[in-house]
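Summary of the model geometry
Chain by chain, the residues:
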Amino acid sequence: MNNSKYHGVVVPMVTPVVRDGRLDVEAVGRIVNFFAGHRVSPLLMGTTGEGNSVSQSDGRLFVQTAVKAARGRILVYAGLTGNCFSELLSQANAYTSLGADVIVATLPTCYALTEEQMYEYYKTLADSIEGPLMLYNIPATTHMSVPVGVIRRLAHHPNIVGLKDSERDLERMAQCIEIARERDDFAYFCGWAAQSAHALELGGNGIVPSTGNYVPDMFRRLYDAAVAGDMATANRLQDETNEIAAIYQKNRTLGQSLAALKVMMSLKGLCEPYMLMPLTQLPDADCEKIAIACYPKR
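For the structure given in this document, a descriptive report is provided here. (Residues numbered from 1 in each chain as written. Predicted model: local features only at pLDDT ≥ 70, side-chain atom pairs only at ≥ 80, totals over all residues. Heavy atoms only, no water.)

**As for the overall build of the protein chain**
For the protein chain, the helix and strand inventory stands at twelve helices and eight strands. Relative to its length of 298 residues, the protein chain is compact, with a C-alpha radius of gyration of 18 Å against a globular reference of 19 Å. Dimensions along the principal axes, computed over C-alpha positions, put the protein chain at roughly 55 × 45 × 35 Å. Counting the 298 residues in the protein chain, one finds 55% classified as buried. Pairs at least 24 residues apart make up 72% of the contacts formed inside the protein chain by residues separated by at least 6 positions. (Helix = DSSP H or I, 4+ residues; strand = E, 2+ residues; numbered from the N terminus. Rg over C-alpha atoms; globule rule 2.2 N^0.38 Å. Buried < 20%, exposed > 50% of the residue type's maximum accessible area, 1.4 Å probe, protein only. Contact = heavy atoms within 4.5 Å.)

Below, the structure written as structure tokens:
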């Protein structure tokens, strides 16, 4: 692990909304305080946060509310998704001015891009925004993979501070971690939650587990154990968090799993189970099964 300021557990936070789809400001405060109490940071408006479905006005309110609730105790990562560059630039600068510590950007998703187009997109974005930029590779939603060679080139940009990689490829993981290990100004974050302990053992800087919305304490302990070299504890916690992840992920599409995760969080009083279109709530019968799985003795 290098000495980058960007490290630790960063949870891709759900976007809590009320029934009509407006941002649930009170729930944002509750969740951010819940995270801060366990020393984990939020990534707002990522994939788990339904980022493509959040309006520009709610995006700005989300960042403003989260920064206020964080009170400087934890870093706030702001996700950036979309296809219109001028709008993305405007949002990124707004998030930074509202106090976001770093912008985390996926590729635009409308067109299949060449390697050079990917490089130029991120370079231009990094040249243009006011705050630091982190790359976000997630082929499951962008349907493109940012090649390791492109990441290596971008790692030298003075305003690009790291990579959040959600691609499920162990060889690629090792290669990307090696890029980060060679530098103190570029961090690697593992977005493949089931490989969190392994990524940290290889020298990754941090992990980005969606299940951390429900059990941030377990991932904080996993991270601390791995950094301390206690891989027995880290791997045990990895197995335990994988079992919890299966409650909302198994046999569900990505969108359905996010709805199930909100159900689990609602059981803790953190947010309501409402979703942003085009995603929808789960049927009541599924919600009851989730409740039984989370609290089998209730």
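**Description of the nonpolar core**
Core analysis: the biggest nonpolar cluster contains 93 residues, and Tyr-122, Leu-133, Phe-186 and Tyr-188 have the highest contact counts within it. If we skip the residues at most four places from it in the chain, Phe-186 touches Asn-2, Leu-135, Ile-151, Ala-155, Ile-160, Val-161, Gly-162, Leu-163, Ile-179, Ala-180 and Asn-205. (Core = buried A, V, L, I, M, F, W, Y, C linked by side-chain atoms within 4.5 Å.)

**Examining the layout of surface pockets**
Its volume calculated, the largest pocket comes out at about 580 Å³. If you go around the largest pocket, you meet 29 residues; those closest to its centre are Arg-168, Gly-191, Ala-193, Ser-210 and Gln-249. Listing elements by their share of the lining of the largest pocket, those giving two or more residues are helix H5 (139-142), helix H10 (231-249) and helix H11 (254-267). If you tally residues by element for the lining of the largest pocket, the top one is H10, at six residues. Partitioning the lining of the largest pocket into residue classes produces 15 nonpolar, eleven polar and three charged. (1 Å grid on protein atoms, 1.4 Å probe; cavity = no way out; pocket = protein on both sides within 12 Å on 5 of 7 lines; lining within 4 Å. Points joined across faces, edges and corners; volume = space filled by probe spheres on them. Nonpolar A, V, L, I, M, F, W, Y, C, P; charged D, E, K, R; others polar.)

**Re the sheet that holds strand E7 (residues 187-190)**
The eight strands are arranged E1-E2-E3-E4-E5-E6-E7-E8 in a closed barrel whose pairing can be described as parallel. Judged from the two bridges that link them, strand E1 (residues 8-12) and strand E8 (residues 206-207) form a sheet pairing that is parallel. Paired with Val-9 across the two strands is Ile-207, which belongs to E8. Together, strand E3 (77-80) and strand E4 (102-105) form the strand contacts of helix H3 (residues 85-97), whose direction differs from that of E3 by roughly 170 degrees. Along the sheet face, helix H7 (residues 170-181) touches strand E5 (133-137), strand E6 (160-165) and E7 and points at about 150 degrees away from the line of E7. (Pairing = 2+ DSSP bridges. Axes fitted to C-alpha atoms, helices over the stretch in contact; angles between N-to-C directions.)

**Let's talk about unusual backbone geometry**
The residue after Met-277, namely Pro-278, is reached through a cis peptide bond having omega 15 degrees. Looking at the secondary structure, you find Pro-278 in the loop between H11 and helix H12 (284-294). With a phi close to 60 degrees, Arg-39 is a non-glycine residue in the positive phi region. Relative to the helices and strands, Arg-39 resides in the loop between helix H1 (25-37) and strand E2 (41-44). A residue is classified by how much of its surface remains accessible, and Arg-39, at 49% relative accessible area, is partly exposed. The phi angle at Glu-50 is positive, at roughly 55 degrees, despite the residue not being glycine. Mapped onto the secondary structure, Glu-50 falls in the loop between E2 and helix H2 (56-70).

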